[in-house]
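# Chains, contacts and geometry: an overview
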There are 4 protein chains.
Amino acid sequence: MIYNIAILGASGYTGAELIRLIANHSHMKIKALGGNSKAGQSMASVFPHLRHLDLPDLVTMEEIDFSGIDLCFCALPHKTSQEVIAALPKNLKIVDLSADFRLRNPADYEKWYGNAHAALAQQEEAVYGLTEFYREEIRAARLVAGTGCNAATGQYALRPLIAAGVIDLDEIILDLKCAVSGAGRALKENLLHAELSEGYHAYAVGGTHRHLGEFDQEFSALAGRPVQVQFTPHLVPANRGILATCYVKGDAQAIHDTLKTAYAAEPFIEVLPFGEAPSTRHIRGSNFCHVGVCADRISGRAIVIAALDNLTKGSSGQALQNANLLLDIEETEGLMMAPLFP
Amino acid sequence: MIYNIAILGASGYTGAELIRLIANHSHMKIKALGGNSKAGQSMASVFPHLRHLDLPDLVTMEEIDFSGIDLCFCALPHKTSQEVIAALPKNLKIVDLSADFRLRNPADYEKWYGNAHAALAQQEEAVYGLTEFYREEIRAARLVAGTGCNAATGQYALRPLIAAGVIDLDEIILDLKCAVSGAGRALKENLLHAELSEGYHAYAVGGTHRHLGEFDQEFSALAGRPVQVQFTPHLVPANRGILATCYVKGDAQAIHDTLKTAYAAEPFIEVLPFGEAPSTRHIRGSNFCHVGVCADRISGRAIVIAALDNLTKGSSGQALQNANLLLDIEETEGLMMAPLFP
Amino acid sequence: MIYNIAILGASGYTGAELIRLIANHSHMKIKALGGNSKAGQSMASVFPHLRHLDLPDLVTMEEIDFSGIDLCFCALPHKTSQEVIAALPKNLKIVDLSADFRLRNPADYEKWYGNAHAALAQQEEAVYGLTEFYREEIRAARLVAGTGCNAATGQYALRPLIAAGVIDLDEIILDLKCAVSGAGRALKENLLHAELSEGYHAYAVGGTHRHLGEFDQEFSALAGRPVQVQFTPHLVPANRGILATCYVKGDAQAIHDTLKTAYAAEPFIEVLPFGEAPSTRHIRGSNFCHVGVCADRISGRAIVIAALDNLTKGSSGQALQNANLLLDIEETEGLMMAPLFP
Amino acid sequence: MIYNIAILGASGYTGAELIRLIANHSHMKIKALGGNSKAGQSMASVFPHLRHLDLPDLVTMEEIDFSGIDLCFCALPHKTSQEVIAALPKNLKIVDLSADFRLRNPADYEKWYGNAHAALAQQEEAVYGLTEFYREEIRAARLVAGTGCNAATGQYALRPLIAAGVIDLDEIILDLKCAVSGAGRALKENLLHAELSEGYHAYAVGGTHRHLGEFDQEFSALAGRPVQVQFTPHLVPANRGILATCYVKGDAQAIHDTLKTAYAAEPFIEVLPFGEAPSTRHIRGSNFCHVGVCADRISGRAIVIAALDNLTKGSSGQALQNANLLLDIEETEGLMMAPLFP
């Protein structure tokens, strides 16, 4: 069985990553690639690393005939995405990679994104796409909302601990280091090689990063009461990878046990032996997430560290994993490639 | 049909790259991993990016039972490789990644490598592993000698041109830029991040690099008379990739036509449209080689540029491609993954 | 007035950095360069970036005549340093860059470094070299102990806050990101470009890093009671720079005011406007330290971030600043160069 | 004596580099900083690495009172520069860093830059700013035209050889590798970190790069007959540095002798021992240029390699060196800082 796939926003990094992954998928064929700003161009000119593939040229979204499409990935900017998805056929299966359907509460969306939501029906319908924790809902869904890449990383480290009640909910600090491709292909001065390489810095310090909306929503729902974490992202000179260093209060061994149990059957989440710390180098280009737990020298404190590739497990790999569920394909199909090292 | 595979030298980069590729191969199973200096260790500890795979631990070569092995990859240092291979079962299919069997003439080997060859019978038997040009010999071989990664890149740019007689054989300059993983995992001061990043330099300037032995052998055989090229490699701060910029005298359009024709049916060699230049970014982690041709402003001169990933098409990918031929498997099996960008 | 200078350990990065700085110093002349493993070599061969300077060749320490030397920098590995310094003339002014004299208590030294101290008299005599906080003691000293580079960074962020009592002493978390040159020029697999670039990871997680000995000593002395911080360093793919992200409990505005006041007259410590975060890019190659303060969205919590160059302000620049004090030279002499960006 | 300095285009990299250098200059004081697009901003906000300096805010060019200015650096884009300079006071000393006054022939300018020159009087008056070869003309000049950074590098390798007649003038190939800051702070997709890092490629292949205009002009003038070189630049993932690998026909030893003699008295040009090759790592952040010569294995052929920092010796350092001459200051003032390594 081959499913016909469309990708909207194919001229960005997450779009290109979807194509890279689907190229080795046994049950998907890319039928349409939407990219308004580069419509009319071949993918070989927009992303020369894909030139060996037989791909349709980029077209405007209006040019796409969705009647023959089984599933559509939306890799568009937020705000654009909600408008586009509201206008798509109502029975089309959709995996959205934008921020538009991550927050269930319209007020939360407006608080973090600054504009009223323009597709409330779809927002209500959407299922949060953190596969390992919403697997059954995703299988039954039509529209899946991809998570924030930082939000995914932090949740892999912390969800089982919050659910199990093994850490202090009021003392969670999440110091995150992310690579540059998470910022997309936008032309910004601070993303230039000359500006970004050879140095690093914190940004959105003190609780202003939008992925906090997801942490608040998900952790509070898990705990059954409001939970607020401290979250500081840092931009480091690498292209792929997120490392979330979480400082928590709780018994380190119990924390490790909880994570080992929680992820025992998961194909993509690897809990390292107690005391080992993961590296983004070891998951690059793959759909794997490595999680490590170390005790601090101060009794009752632990450090939990999660690493994943923002473009793969944090975004396009997660999207494909969810698409597999939506289409009743083996969940791991197209996603078992090993990381690229060095 | 599943073939049982052994890899000797599995604790180096080309060994790890073989494992990465074979992990997605439908007809191979890794049965033994040799690595004397790290024998007894798990691959998860030596290469944590492979921890999701179910792999045998590293053992010494003496511990491997080759009776059940269908094909053995040797990713050992040169000189060691010839000694090991001479001692392996005489009917075992072998793909060697070292420099030991690339040169057919024992005197050439001694000239470039400084020691007499210790496995002359195997040297005579070995087939040069540049797949696209030795395909039939490789299919019939028992022992295939992987080419130098720089040597492969230069040959992809130049072989069809020399064979067709469309360039001046006495005026070939090959300015090559290579990434650091080609130097392996050896502990050398100049390979430290602090020494290597943020700068670049030429090395082995003026014709002392060992891969010249391969150029001399192959180009002279093709031309039917001695051919010597000028070859200067440069080390650049990236982990994967070789870019060979070749300055030749000949008609640029004829050169492009010759390459287009020569590689028309090749699954891994992509000749770019006339006037376009390739980038190592667009082949990273893949088995593809991109070749571009540009005319110079000086009439009768052209620039031919080839790009490939030294660890994949330049080494382990080539080795797997050859192993597929040796085992009568589809040549492209396990090798069609798209490059990783960004 | 020109002072004669010797540098022991001149073949390492901190030695080379000292030479770079002293090259533009108006009152110092390098008379001897010690480097046992590379004795007999010219500095142009060991560090070609210094080839334009008229420098003495490297010699063994035994070959140096200290009678004409006014001040000696020791940039040797710890443990070696204490043995060497114990044997130097007792009236020679010394700035040590190793870890050997940072901890005042011999038991602390043994706890963190694993061996009994072999130069107890010098240990007792040594003054801790964090210039801004030990200025008068350094002026009067003979032997100054350079601080750890990570320890310096954390102390610039936290000392005034601990001294002023504006933060909770039991809830200090120091998440640190450091560049690779801090690990020196040693040949280690994890410092290779191919291993280190393009990724990042935490190490010495949970309170095992030796610079904790300095934090414990200094912060406890300041507070007048035991203070233990949580400290997790991360290695990031850059050559120079340390960024210390400190999570503290206290009023962010009061914290900013305290730091502004504390550093108002300091030539090298720049406190950024409230709410701004520093970047290692903006201090690279200089003796400056940038400190920023942001409020967290959770009331009563703040993030204090300090950035400096580990080789300059974190090590050799600090050493020269202290040497200026020892020799009664203007403290900023040779140290006012602007950072290198990009 | 303190001279008052203005810098136009101070919000770009060459402007910032001028400020970095002048900060340590004993006889210059920056009085005005022009930057139309960022007028009204402080330099601390535009270039935080300069925040320790007491600098004027950026203003529009119209706001600058040139009556008190002794010398003006123009670090503006080409075409803008000629318009601005034509309107500046006719007796103001000017060092231009743009491409606008490098070519003496208006037709050459139009050929390479595509527009007619709008300041012909100034074009005629301008002196080409390759200090070592135009020293006396620069001393007597009012307006100095900074050279192209690639053009400077190639000329340091080749000028003495062409002048001395020791190489074949019709067989010069210049394969150049340049770092990204040479492209400036412009927002272009291919300059993003995610696009540029970890790979490399040739651009302007075959003789279309504008710096060829300078090579043609200068080399032909030196030789007394038309000389055309082949020139292919490559972009490599580093921020600073140009490496020019020149393939020439001639006697390698004579070539080395010629360069040694030519640069014997030059403070910034270091000719390496015969057979050694320079690295951009060893000149970063400095005004030095390293030149190496190696013989090729093919008799009568040699490789000459030059390395310099595009922002310093290739642009702003050169500009300051020329400004020193214009103002009758010691030529090396403010320029003797050692390179930054690592």
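Residues numbered from 1 in each chain as written. Chains lettered and ligands numbered in written order. Predicted model: local features only at pLDDT ≥ 70, side-chain atom pairs only at ≥ 80, totals over all residues. Heavy atoms only, no water.

### Some remarks on the overall build of chain A
To be explicit about the condition: Helical segments are the DSSP runs of H or I of at least four residues, strand segments are the runs of E of at least two, and each set is numbered from the N terminus. A radius of gyration in this sense is built from C-alpha atoms; the matching globule rule multiplies 2.2 Å by the number of residues raised to 0.38. Type-normalised accessible area, obtained with a 1.4 Å probe on protein chains alone, sets the label of each residue: buried when under 20%, exposed when over 50%, and partly exposed for intermediate values. By the convention used here, residues are in contact when the closest approach between their heavy atoms is within 4.5 Å. The method behind every accessible area is Shrake-Rupley, applied with a 1.4 Å probe, and residues are considered shielded solely by the protein chains displayed.
Of regular secondary structure, chain A possesses eleven helices and 14 strands. Relative to a compact globule of 342 residues, whose C-alpha radius of gyration would be 20 Å, chain A shows 19 Å and is just as compact. Across its three principal axes, chain A shows a C-alpha extent of roughly 60 × 40 × 40 Å. Burial analysis of chain A (342 residues in total) assigns 69% to the buried set. Within chain A, counting contacts between residues at least 6 apart in sequence, those at least 24 apart form 69% of the total. Split by element, the accessible area of chain A, about 10,200 Å² in all, is 49% carbon and sulfur.

### Notes on the nonpolar core
Note the cut-off: The definition of a nonpolar core used throughout is a set of buried Ala, Val, Leu, Ile, Met, Phe, Trp, Tyr and Cys residues joined through side-chain atoms within 4.5 Å.
One finds Phe73 of chain A, Phe73 of chain B, Phe73 of chain C together with Phe73 of chain D to be the most contacted residues of the largest nonpolar core, which totals 424 residues. Not counting residues within four places of it along the chain, the set of residues in contact with phenylalanine 73 of chain D comprises Ile5, Ala6, Ile7, Leu8, Leu18, Ile22, Val95, Leu97, Ala319, Leu320 and Ala323 of chain D.

### As for the relation of the copies chain A and chain C
The test is simple: In this comparison the copies share one frame, found by least squares on the C-alpha atoms of residues holding pLDDT of at least 70 in both.
Overlaying chain A with chain C gives an RMSD of 0.0 Å, the required rotation being 180 degrees about an axis along which the chain moves by 0.0 Å. The superposition operator between the copies reduces to a two-fold rotation axis. It is proline 237 of chain A whose C-alpha, among those of chain A, lies nearest the rotation axis, at 3.3 Å. Counting the interface residues of chain A, we find that 100% of their copies in chain C are interface residues as well, pointing to one common contact surface.

### A short note on the relation of the copies chain D and chain B
Here two copies of a chain appear, and what relates them is a rotation about an axis with a shift along it. For these two chains of identical sequence, chain D goes onto chain B by a turn of 180 degrees and a shift of 0.0 Å along the axis, with RMSD 0.0 Å. Here 100% of the interface residues in chain D have copies in chain B that are interface residues too; the copies meet face to matching face.

### Concerning the side chain of asparagine 239 of chain D
Threshold: Pairing of N or O atoms within 3.5 Å defines a polar contact, subject to two protein rules: one partner must be a possible hydrogen donor and the other a possible acceptor, and residues neighboring in sequence count only if both atoms are side-chain atoms.
In this fold, asparagine 239 of chain D is placed in the loop between β10 (230-235) and β11 (242-249). In this structure the side chain of asparagine 239 of chain D is engaged in a polar contact, spanning 2.7 Å, whose partner is the side chain of serine 197 of chain A. Here glutamate 198 of chain A takes part through its side chain, which lies 3.1 Å from a polar atom of the side chain of asparagine 239 of chain D. Not counting the four nearest positions on each side in its chain, asparagine 239 of chain D is found in contact with His193, Ala194, Ser197 and Glu198 of chain A, Pro342 of chain C together with Ala179, Val180, Ser181 and Asn310 of chain D.

### As for the UniProt feature "domain: Semialdehyde dehydrogenase NAD-binding" (unreviewed entry) in chain A
What counts here: UniProt positions are given in the numbering used here, feature names are shortened, and annotations may be inferred rather than shown by experiment.
Here the UniProt-annotated "domain: Semialdehyde dehydrogenase NAD-binding" (unreviewed entry) positions come out as residues 4-141 of chain A. Helix makes up 33% of residues 4-141 of chain A and strand 17%, whereas the separation of the span's terminal C-alpha atoms amounts to 18 Å.

### Quick notes on the interface of chain D and chain B
A common way to state how big an interface is: give the accessible area lost once the parts meet. The test is simple: The quantity reported as buried area is the accessible area (1.4 Å probe) lost by two parts once they are put together, taken as the sum for both. Salt bridge, as applied in this entry: a Lys or Arg side-chain nitrogen positioned within 4 Å of an Asp or Glu carboxyl oxygen.
Facing 55 residues of chain D, the contacting portion of chain B comprises 55 residues. Both faces combined, the contact of chain D with chain B buries some 4,400 Å², and carbon together with sulfur accounts for 48% of it. Three residues, Tyr200, Arg281 and Arg297 of chain D, lead the burial of chain D against chain B; their summed loss comes to 21% of the area buried on that side. Summed over the shared surface of chain D and chain B, the result is eight salt bridges. Measuring nitrogen to oxygen at the nearest pair gives 3.3 Å for the salt bridge that ties glutamate 198 of chain B to arginine 284 of chain D. Remark: the boundary between chain D and chain B carries 40 residue pairs in polar contact (both at pLDDT 80 or more). Secondary-structure elements contributing two or more residues to the side of chain D that touches chain B are β8 (173-178), α8 (193-196), β9 (201-202), α9 (211-223), β10, β11, β13 (289-295) and β14 (301-308) of chain D.

### A look at the sheet that holds strand β3 (residues 58-59) of chain C
Residues and elements named next belong to chain C. Note the cut-off: Note on pairing: two strands pair once DSSP finds at least 2 bridges between them. Helix axes use the C-alpha atoms of the stretch in contact, all axes being lines fitted to C-alpha atoms, and the angles between their N-to-C directions lie in the range 0 to 180 degrees.
A sheet is described by the order of its strands in space; here seven strands give the open sequence β3-β2-β1-β4-β5-β7-β6, paired in parallel fashion. Two strands in the sheet have a free side with no partner beyond their single neighbour: β3 and β6 (127-128). The sheet contact formed by β6 and strand β7 (residues 143-145) spans two bridges and is parallel. The residue bridging valine 127 from the neighbouring strand is valine 144, located in β7. Across the sheet, helix α1 (residues 13-22) touches β1 (3-8), β2 (28-34) and β4 (71-74), and the angle it forms with β1 is around 160 degrees. On the sheet, helix α3 (residues 80-87) packs against β1, β4, β5 (93-96) and β7 and is oriented at approximately 180 degrees with respect to β5.

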